[in-house]
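What the coordinates show
Below are the chains, spelled out letter by letter.
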Amino acid sequence: MAANNLTGERTQTRTFQELRCSPSLASGLQQQSIYLATVNIFLSVTALIGNSLILVALRKESSLHPPSKVLYLCLATTDLFVGLLSQPLYVTHWMSLVQEHWSLCRLAIDAVSMTGFTLCTVSLLTMAAISVDRLLALLLGLRYRQIVTLKRMYALVATFWVLSSLAGLCYMLDHRITIWYGQTTRIFGLVIPIASYTKIFRTLSHHEAQAQDHIQQQPSRAIQLNIAQYRKAVHSALWVQLALVVCYVPMSMVEIGTAFSKTYSSQLIVIRGIAVTLVFFNSTVNPFLYCWRISEVRLAIKQSIRQALRCPRC
């Protein structure tokens, strides 16, 4: 595979982002490009179908607290748009490499960068908000429904979308703003969930220890059921969080390696392509996690599918 050593002035004038769509590095990657395009086409379809079903199921599902449901609706919406926008654009990028259409390649890369950045940062912020929401439900008790309202949650989600969209648009004007926002979002998306879930499990363990010390004061069956439901909700959110981390970490490692690398090769383009595909794969995994961990969503999806199959016009 071709390699390109960039030092001095060339490093400043020609970035890896530009070289990804240049004959010096990208030529000769037709076979790898076809493989990656095929995988992304499949993942795009599964993300569209899966998250469409999840959105329908979440709207029907009534056991979730409405503000909490807004966060899951937001996450499913970002995953839907990944399959609808980012992955088709990414397929265009790889097919442009097959055809050696370099101008189209650059346009596709810029579009993927803007849409993918916006959607991924919204997902990271939403997952952080879900962890905080679960923590507040534990700490606030009866005050939770008074403080965490539907109006406030809509305002929070709207803020995520506006800030991330503006940062994504800045990609074409000043990369530094986009990079700064992305790095900040990643830190929040990692530190806040870790702190929240650590506090949640420590608090639950403390409550269990107190219950054992005062065994004569047995909690009522209703309270035990609420604790069980809360644990189930926390574990469901944690599985989604872990899936996001697994899918996003390789991309972060590739970006760190690229930043410190002085020699770029066509192999790096393929490695980065696999890492980006893994990030997009998270949008396909999430619907399966919802069905697996949230029985109400699973039942709502089954009901929707049965209704669609029974439709005489289908």
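Analysis parameters
Residues numbered from 1 in each chain as written. Predicted model: local features only at pLDDT ≥ 70, side-chain atom pairs only at ≥ 80, totals over all residues. Heavy atoms only, no water. UniProt positions renumbered as here; feature names shortened; annotations may be inferred. Helix = DSSP H or I, 4+ residues; strand = E, 2+ residues; numbered from the N terminus. Patch = residues over 30% accessible without salt bridge, like charges linked within 9 Å, V, L, I, M, F, W, Y side chains within 5 Å. Areas by Shrake-Rupley, 256 points an atom, 1.4 Å probe, with all protein chains shown as cover. Salt bridge = Lys/Arg side-chain N within 4 Å of Asp/Glu carboxyl O. Lys, Arg positive; Asp, Glu negative; His and termini not counted. Charge placed at Lys NZ, Arg CZ, Asp CG, Glu CD. Core = buried A, V, L, I, M, F, W, Y, C linked by side-chain atoms within 4.5 Å. Buried < 20%, exposed > 50% of the residue type's maximum accessible area, 1.4 Å probe, protein only. Contact = heavy atoms within 4.5 Å. Disulfide = S-S within 2.5 Å.

1. Remarks on the UniProt feature "transmembrane region" (unreviewed entry) in the protein chain
Per the UniProt record, "transmembrane region" (unreviewed entry) is found at residues 34-58, 70-91, 111-132, 153-173, 179-197, 237-257 and 269-292. Secondary structure content for residues 179-197 is 100% helix and 0% strand, and the end C-alpha separation is 27 Å. Secondary structure across residues 237-257 comprises 100% helix and 0% strand; the distance between its end C-alpha atoms is 30 Å.

2. Re a positive patch on the surface
A contiguous patch of positive charge on the surface is contributed by K232, R298, K302, R306 and R310. Top contributing element to the positive patch by residue count: helix α12 (residues 295-310), with four residues. As for its placement among the helices and strands, R310 is situated in helix α12.

3. So, the nonpolar core
If you look at the biggest cluster of nonpolar residues, it comprises 77 residues, and the most contacted ones within it are I130, I200 and V297. The leading source of residues in this core is helix α6 (residues 102-140), at 17 residues. Aside from chain neighbours lying at most four places away, what touches I130 is L71, Y72, L75, Y197 and A237.

4. Observations concerning the state of the cysteines
In the structure shown here, the tally under the stated rule is one disulfide. The disulfide partner of C21 is C105, and the S-S distance across this bridge is 2.0 Å. The disulfide joining C21 to C105 has a torsion of about -65 degrees about its S-S bond and is therefore left-handed. Remark: C105 occurs in helix α6 and C21 occurs in the loop between α2 (16-19) and α3 (23-26); sequence separation between them is 84 residues. The residues C21 and C105 share a single accessibility class, namely buried.

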